[in-house]
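Commentary on secondary and tertiary structure
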Amino acid sequence: MADLKADKNQSTLLVLFIPSANRFGKSLSKKEQDRWVRRALQVLGEMMGGATAFPRGLGVWRDNAQKGKLVWDKPLLIQCYTNEATLEQHAIA
């Protein structure tokens, strides 16, 4: 790691999934999803030092509140490398 000048200080990976639909399958517009992504990037940039958003994927999750119904989604992923101290500093009690 010394050769690469890597810093293990930022070794906690925070991942956000920004959904394309609500739990009932009602789609968010691309514009609305993009607004959430940009806001999340702004907050993570200010509080954690940066983040990266990845293009839409395809996912599914089981909604136990709807008797195990599968909800399909095209989320955008945001990754942010941080550390526990920074997370605790910005945590809402």
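Residues numbered from 1 in each chain as written. Predicted model: local features only at pLDDT ≥ 70, side-chain atom pairs only at ≥ 80, totals over all residues. Heavy atoms only, no water.

**Here we look at the confidence of the model for the protein chain**
The predicted model of the protein chain averages 87 in pLDDT, with 89% of residues at 70 or higher. Predicted confidence in the protein chain is weakest over helix 2 (residues 84-90), with a mean pLDDT of 83, and strongest over strand 2 (residues 52-54), with 96. (pLDDT = per-residue confidence, 0-100. Helix = DSSP H or I, 4+ residues; strand = E, 2+ residues; numbered from the N terminus.)

**Overview of the sheet that holds strand 2**
The sheet built from three strands is open, its strands ordered 1-5-2 with antiparallel pairing. The strands lining the two open edges of the sheet, one partner per strand, are strand 1 (12-18) and strand 2. Averaged over all adjacent pairs, the angle separating strand axes in this sheet is 25 degrees, with direction ignored. Together, strand 1, strand 2 and strand 5 (76-82) form the strand contacts of helix 1 (residues 30-48), whose direction differs from that of strand 5 by roughly 0 degrees. (Pairing = 2+ DSSP bridges. Axes fitted to C-alpha atoms, helices over the stretch in contact; angles between N-to-C directions. Contact = heavy atoms within 4.5 Å.)

**Examining the pattern of salt bridges**
Taken as a whole, this structure holds three salt bridges when the rule is applied. Its salt-bridge partner being Arg23, residue Asp63 comes within 2.7 Å of it at the nearest N-O pair. A residue pair is termed long-range when its members are at least 10 positions apart, and Asp63 in strand 3 (residues 59-63) and Arg23 in the loop between strand 1 and helix 1 qualify at 40 residues. Residue Asp63 is classed as buried on the basis of its relative accessible area, which comes to 1%. Note that Asp34 and Lys30 form a salt bridge whose closest N and O atoms lie 3.3 Å from each other. Placement of both Asp34 and Lys30 in helix 1 is noted, with a separation of four residues, approximately one turn of the helix. Among the residues examined, Lys30 registers a relative accessible area of 49% and is labelled partly exposed. (Salt bridge = Lys/Arg side-chain N within 4 Å of Asp/Glu carboxyl O. Buried < 20%, exposed > 50% of the residue type's maximum accessible area, 1.4 Å probe, protein only.)

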